[in-house]
Protein chains: 2
Amino acid sequence: MITEKISRPTLLLDKEKCLRNIERMVEKTNRNELALRPHFKTHQSHEVGRWFRNYGVQAITVSSVRMAAYFAADGWEDITIAFPHNVHESEKVAELAEKIQLQIVVENTASLTYLSEYLKHDLSVFIKADLGYHRTGLEIEQKDQIDAILELIEEHDYFQFKGFLAHAGDSYDARSTTGIMEIHERSLAKAKAFRKAYQADYPEMIISYGDTPCCSAAEHFEGIDELRPGNFVFYDLSQWHIGSCSLDQIAVAMACPVVAKHPERGEAVVYGGGVHFSKDRATNEQEETYYGLLVEPLEEGWNIMESAPIMKSLSQEHGIIKAETEWVEQLEIGQIVFVLPVHSCMTADIMKEYLCLDGSWIRDVMHLH
Amino acid sequence: MITEKISRPTLLLDKEKCLRNIERMVEKTNRNELALRPHFKTHQSHEVGRWFRNYGVQAITVSSVRMAAYFAADGWEDITIAFPHNVHESEKVAELAEKIQLQIVVENTASLTYLSEYLKHDLSVFIKADLGYHRTGLEIEQKDQIDAILELIEEHDYFQFKGFLAHAGDSYDARSTTGIMEIHERSLAKAKAFRKAYQADYPEMIISYGDTPCCSAAEHFEGIDELRPGNFVFYDLSQWHIGSCSLDQIAVAMACPVVAKHPERGEAVVYGGGVHFSKDRATNEQEETYYGLLVEPLEEGWNIMESAPIMKSLSQEHGIIKAETEWVEQLEIGQIVFVLPVHSCMTADIMKEYLCLDGSWIRDVMHLH
């Protein structure tokens, strides 16, 4: 029983579920003749990265220059940094471009101007396309700004225009597959406008498309060349609420020791708080804000429970479980409970190590951002 | 200018403000003839810990066994672990009790029963008193449970009853000094009931009292022997909203490079997201949810701004600033902005390093929980 290995808050990883999540996405991209360039910011681990390699994945996405260097060190030779270029890291980007096939993302000319001072090797440049999420990127109507960037790319020997990179992050507001599909269709239509406007001049350009909800729920991706989902490797309660996955597909759970019982108010206290889970929250069908959902520990893994207790609040180290009085009464002090996290990317980022169900540890996780 | 040292999201520490925060609390406890046992979970740094030592502080509070070991390694010889004892760490607690004066906190007999199997040295035991916060602890009415713990302590040679440890955490719901004081007075009255019930039998017992809001706002602490605030070392926007501090007393700020500008929608994007700030949020007077407040960078430190822009949302690495169009327009790509965090404990816990205003780094921060 894996619980025997646990004495403190521990992030469990069900490798089988994780591999199925990877395999499903690999098969979908193969069926659709799309490139898959998974985002590694979710797991941040060399070992989990190699699981992708075993499925034939050769190219990856990361969210920082440090993360690019971290995975380049494990043999990844084709990396996209999917974050608007930070001019203060121009020198490091230039160094990395010397070693691997590197793509960066920009949405203004200023960042390229800085970079050009350091560059001594080819560097592929994506322009960030805003398909309606309005976090970063340029809309198709901002033609002057797009053209100014393209002009700068043309002028400079080392810059190569790679295409448009988009992230339909408004899919995170969906609460059903239908909701996701509406955003997906709208985003595809907008992506098509980018292709229409620029393909004649740049026949080699690609359109890269991200976000776990659309990549999970949709079956067709007309006009898209590459998918960059990340969270799907583990999924989580947020993705379940959005409609991207079932509870059974969530591949990580926090294991926490019970330290106090308060059956009179239907609560138990576990060792496991904000410094373990992160403070991301979700809202359930009863309109309760919550931070995790309890699952039943099994010999190998866990089972989804009916009317499962929830993690109703988190302090720095305390997690407060809300449950029926009877459920709290049967708990024993020291018992290990399993909790599905709301946002696996943030939980994994904080925990920085995984305990697999076979008892092995994965500790090759990037430490400082 | 400190900004010249910054190329990535960086947690700035204004040592002078921090020292004044420490000094103010030291003076208050001295005036009131109270012991001060500051909680070190906020800064988690050996060096910041030594600043306390320079003010004569000898005893500290931590939130985990690992944190106790981390500070014991830097010469702290009197440590309270203010978290309900996790039975799986009984052996480690017993080992630590051999080396230093250690206090643990319990609220049930089960945890002591486990511990007694490992103990070979004296260990002081606090019973957690619930003064109305209802997170952990026993209420004065739960006499049978309190007496059962006391009986177990009496039976066992190595256990010493230290007293009652309380945390009036409901003060975090206050939104004014008056609000804090209401909770403080109610908590003091409840603490008095514990003293009245048990002092005759345990004349040496103490009452330990925590929480930054009450310790910051109150001037008198009748019936209390020891204060254990933690967050006050840095303060943050949450404490400002509660009424514990002024904005000027906040001693930490995140420094983040601007990576994108969207003046047309009054937004700028900085490099600095949930993996840097944590996802703790606050609500301002305009009823907006927000994740940070911008301050004006100075040659040394920062200035509070009138109608300051806010950090309106955080993704994993992106921070989205909401501001007037004109303010966004004058920003330059690569410019470093300073942002007060909502919850300094969580931000410091994630960042794990501080840049002081004199350009020196503090990197001796505990890494894994």
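Residues numbered from 1 in each chain as written. Chains lettered and ligands numbered in written order. Predicted model: local features only at pLDDT ≥ 70, side-chain atom pairs only at ≥ 80, totals over all residues. Heavy atoms only, no water.

**Examining the pattern of salt bridges**
Under the convention used in this document: Think of a salt bridge as a Lys or Arg side-chain nitrogen and an Asp or Glu carboxyl oxygen that are within 4 Å of each other. Numbering goes from the N terminus for both helices and strands, where a helix is a DSSP run of H or I of at least four residues and a strand is a run of E of at least two.
Here the structure, examined in full by the defined rule, presents 32 salt bridges over all chains. A salt bridge links K279 of chain B to D280 of chain A; its shortest N-O distance comes to 3.1 Å. Of this pair, K279 of chain B sits in the loop between α10 (274-277) and β12 (282-283) while D280 of chain A sits in the loop between α10 (274-277) and β12 (282-283), placing the two residues on different chains. Here the residues in one salt-bridge network are D130 of chain A together with E264, R265, E267 and K312 of chain B, joined through shared partners.

**Some words on the pairing of strand β18 (residues 336-341) of chain B**
Residues and elements named next belong to chain B. Basically, it comes down to this: Relative accessible area decides the class of each residue, using a 1.4 Å probe on protein chains only: under 20% of the type maximum gives buried, over 50% gives exposed, and in between gives partly exposed. In this scheme, strands are said to pair when DSSP sees at least two bridges between them.
Taken across its six residues, β18 has six buried, putting it largely inside the fold. With burial as the criterion, each face of β18 is covered, one bearing I336, F338 and L340 and the other bearing V337, V339 and P341. Direction of pairing for strand β10 (residues 252-262) relative to β18: antiparallel, over a ladder of four bridges. Each residue of the ladder has a partner; that of M254, found in β18, is V339. Both strand β14 (residues 292-298) and β18 contribute to a ladder of four bridges, which runs antiparallel. Looking across to β18, one finds that G292 is bridged to P341.

**Details of unusual backbone geometry**
All names here are of chain B. One non-glycine residue with positive phi stands out, namely H134, at about 60°. Take H134: its relative accessible area is 34%, and that puts it in the partly exposed class. The backbone phi angle of S278 is positive, close to 75°, even though this residue is not glycine. Assignment of secondary structure puts S278 in the loop between α10 and β12.

**Observations regarding the packing of aromatic side chains**
All names here are of chain A. Using the following cut-off: Only rings of Phe, Tyr and Trp enter the pairing, Trp through its six-membered ring, and a pair is recorded when the two centres are within 6.5 Å. The plane angle decides the type: under 30 degrees is stacked, over 60 is edge-to-face, the rest tilted. Placement of a positive charge over a ring is assigned whenever Lys NZ or Arg CZ falls within 6 Å of the ring centre and within 35 degrees of the normal to the ring plane.
In total, this model carries 26 aromatic pairs over all chains according to the counting rule given. Aromatic pair F164 and Y198: ring centres 5.3 Å apart, planes at 50°, arrangement tilted. Highlighted residues: F164 in strand β7 (residues 159-166) and Y198 in helix α7 (residues 177-198), separated in sequence by 34 residues. Given the relative accessible area of 1%, F164 is considered buried. Three or more aromatic residues joined by ring pairs form one cluster here, namely F40, F52, Y70, F71, W76 and F232. A cation over an aromatic ring shows up here: R53 above the ring of W76, its NZ or CZ 4.3 Å from the ring centre.

**Some points on the nonpolar core**
Cut-off, in case you're wondering: Take the buried residues of types Ala, Val, Leu, Ile, Met, Phe, Trp, Tyr and Cys, join any two whose side-chain atoms come within 4.5 Å, and each joined set is a nonpolar core. The start and end points of each domain follow an automatic or database-based domain assignment. Residues count as neighbours in contact if any of their non-hydrogen atoms are within 4.5 Å of one another.
Counting residues in hydrophobic clusters, the biggest one holds 123 residues, and the most contacted among them are L13, I79, L112 and V337 of chain A. Both domain 1 (2-11 + 246-368) and domain 2 (77-229) of chain A contribute no fewer than three residues apiece to this core. Once you skip the residues sitting within four places of it in the chain, L112 of chain A turns out to touch I104, V106, V125, I149, L152, I153 and F159 of chain A. Counting 122 residues, the second largest nonpolar core, distinct from the first, contains A191, V252, V258 and M366 of chain B.

**Description of the interface of chain B and chain A**
Going by this rule: For this analysis, a polar contact is any N or O atom pair within 3.5 Å, provided that within protein one partner can donate a hydrogen and the other can accept it, and provided that sequence-adjacent residues contribute only side-chain to side-chain pairs.
Taken together, the contact between chain B and chain A spans 62 residues of the former and 62 residues of the latter. If you look at where chain B meets chain A, you find six salt bridges. Across the pair E89 of chain B and R8 of chain A runs a salt bridge whose closest N-O atoms are separated by 2.9 Å. Counting across the chain B and chain A interface gives 26 residue pairs in polar contact (both at pLDDT 80 or more). When residues of the side of chain B that touches chain A are assigned to their parent elements, the largest contribution, five residues, is made by β10 of chain B.

**Some points on the confidence of the model for chain A**
The condition that has to hold: A score between 0 and 100, pLDDT records how confident the predictor is in each residue.
Summarising the model, chain A shows a mean pLDDT of 97, and 100% of its residues fall at 70 or more. Model confidence for the complex: the whole-complex pTM is 0.97, and ipTM, which rates the interface, is 0.96.

**Regarding a negative patch on the surface**
What counts here: Candidates for patches are residues over 30% relative accessible area with no salt bridge; among them, like charges are joined within 9 Å and nonpolar side chains (Val, Leu, Ile, Met, Phe, Trp, Tyr) within 5 Å. Where accessible areas are quoted, they stem from the Shrake-Rupley method and a 1.4 Å probe; at the residue level, only the protein chains shown are allowed to cover. Charge counting follows a simple rule: Lys and Arg are positive, Asp and Glu are negative, and His as well as the terminal groups are ignored. In this description, the location of a charge corresponds to atom NZ of lysine, CZ of arginine, CG of aspartate or CD of glutamate.
A surface patch of like charges, here negative, comprises E4, E16, E299, E300 and D358 of chain A. We classify E300 of chain A as exposed; its relative accessible area is 66%.

**Topic: the relation of the copies chain B and chain A**
We apply this condition: Overlaid copies result from least-squares superposition on C-alpha atoms, with residues included only where pLDDT is at least 70 in both.
Mapping chain B onto chain A calls for a screw motion: a turn of 180° about the axis and a shift of 0.0 Å along it, with 0.0 Å RMSD after fitting. Such a turn and shift between the copies fits a two-fold axis. Considering only C-alpha atoms, the part of chain B nearest the rotation axis is K279 of chain B, at 2.7 Å. Comparing contact sets, 100% of the residues at the interface of chain B also lie at the interface in chain A, consistent with an isologous, same-surface contact.

**Some words on helix α6 (residues 143-155) of chain B**
What sets the pattern is the α-helix's 3.6 residues per turn: residues three or four places apart point alike. Residues and elements named next belong to chain B. Where we set the bar: Here the expected length of a helix is defined as 1.5 Å per residue gap, with one fewer gap than residues. Directions from the helix axis toward the C-beta atoms define the arc.
Across its 13 residues, α6 extends 18 Å between first and last C-alpha, which sits within 8% of the 18 Å expected from 1.5 Å per residue. Three or more residues of α6 are buried, namely I146, I149, L150, L152 and I153. Along α6, the residues classed as buried sweep out an arc of 160° about the axis, all on the same side. Turned more than 90 degrees from where α6 packs its buried face, D144, E151, E154 and E155 sit exposed. The elements touched by buried residues of α6 are β5 (101-106), α5 (109-116), β6 (123-129), β7 (159-166) and α7 (177-198).

**Some remarks on the sheet that holds strand β4 (residues 78-84) of chain A**
Hydrogen bonding along the main chain pairs the strands of a sheet, whether they run parallel or antiparallel. Residue and element names in this part refer to chain A. Where we set the bar: Axis definition: a line fitted to C-alpha atoms, limited for helices to the stretch in contact. Angles are taken between N-to-C directions and run from 0 to 180 degrees.
Reading across from one edge, β2-β9-β8-β7-β6-β5-β4-β3 is the order of the eight strands in this open sheet, with parallel pairing throughout. On the outer flanks of this sheet lie β2 (35-36) and β3 (60-62), each paired with one strand and no other. As paired strands, β7 and strand β8 (residues 206-209) are joined by four bridges and run parallel to one another. By the bridge assignment, G163 is partnered in β8 with I206. Of the strands in this sheet, β3 and β4 touch helix α3 (residues 65-72), which is tilted by about 170° from β4. Packed onto the sheet, helix α4 (residues 90-99) meets β5 (101-106) and β6 (123-129) and runs at close to 145° relative to β5.

**Structural notes on the environment of S7 of chain B**
Tracing the chain through its elements places S7 of chain B in the segment before β1 (10-13). On the accessibility criterion, S7 of chain B (25% relative accessible area) is partly exposed. Excluding residues within four positions of it along the chain, S7 of chain B makes contact with N86, H88 and E89 of chain A together with P257 of chain B.

**Points about the domain arrangement of chain A**
Often, the extent of an interface is quoted as the loss of accessible area upon association of its parts. Taken domain by domain, chain A comprises domain 1 (2-11 + 246-368) and domain 2 (77-229). The C-alpha-based centres of domain 1 of chain A and domain 2 of chain A are spaced at 36 Å.

**Description of the sheet that holds strand β8 (residues 206-209) of chain B**
Residues and elements named next belong to chain B. Ordered by their spatial adjacency, eight strands build an open sheet running β2-β9-β8-β7-β6-β5-β4-β3, and the pairing between neighbours is parallel. Where the open sheet ends on each side, the last strands, each with one partner, are β2 (35-36) and β3 (60-62). Bridge analysis of strand β4 (residues 78-84) against β5 gives four bridges, and the strand direction is parallel. Residue D78 lies in a different strand from β5, and its bridge partner there is Q101. Contacts from helix α4 (residues 90-99) reach β5 and β6 within the one sheet, and its direction differs from that of β5 by about 145°. Lying over the sheet, α7 contacts β6, β7 and β8, oriented at roughly 160° with respect to β8.

**Thoughts on the packing of helix α5 (residues 109-116) of chain A against helix α6 (residues 143-155) of chain A**
All names here are of chain A. Note the following rule: To sort the angles, those under 35 degrees are grouped as roughly parallel, those over 145 as roughly antiparallel, those from 65 to 115 as roughly perpendicular, and the leftovers as oblique. Two helices crossing with the near one rotated counterclockwise from the far one by less than a right angle form a left-handed crossing, whereas a clockwise rotation gives a right-handed crossing. Each residue is assigned to one class: nonpolar for Ala, Val, Leu, Ile, Met, Phe, Trp, Tyr, Cys and Pro, charged for Asp, Glu, Lys and Arg, and polar for all the others, Gly among them.
With their axes 9 Å apart at the nearest point, α5 and α6 run at an angle of 15° to one another. As summarised for this structure, α5 and α6 are arranged roughly parallel, according to the angle between their axes. Like other packed secondary-structure pairs, α5 and α6 cross with a definite hand, here left-handed. Facing T109, L112 and T113 of α5, the residues of α6 in contact are A148, I149, L152 and I153. Classifying every residue of the contact of α5 with α6 by side-chain character gives five nonpolar, two polar and no charged.

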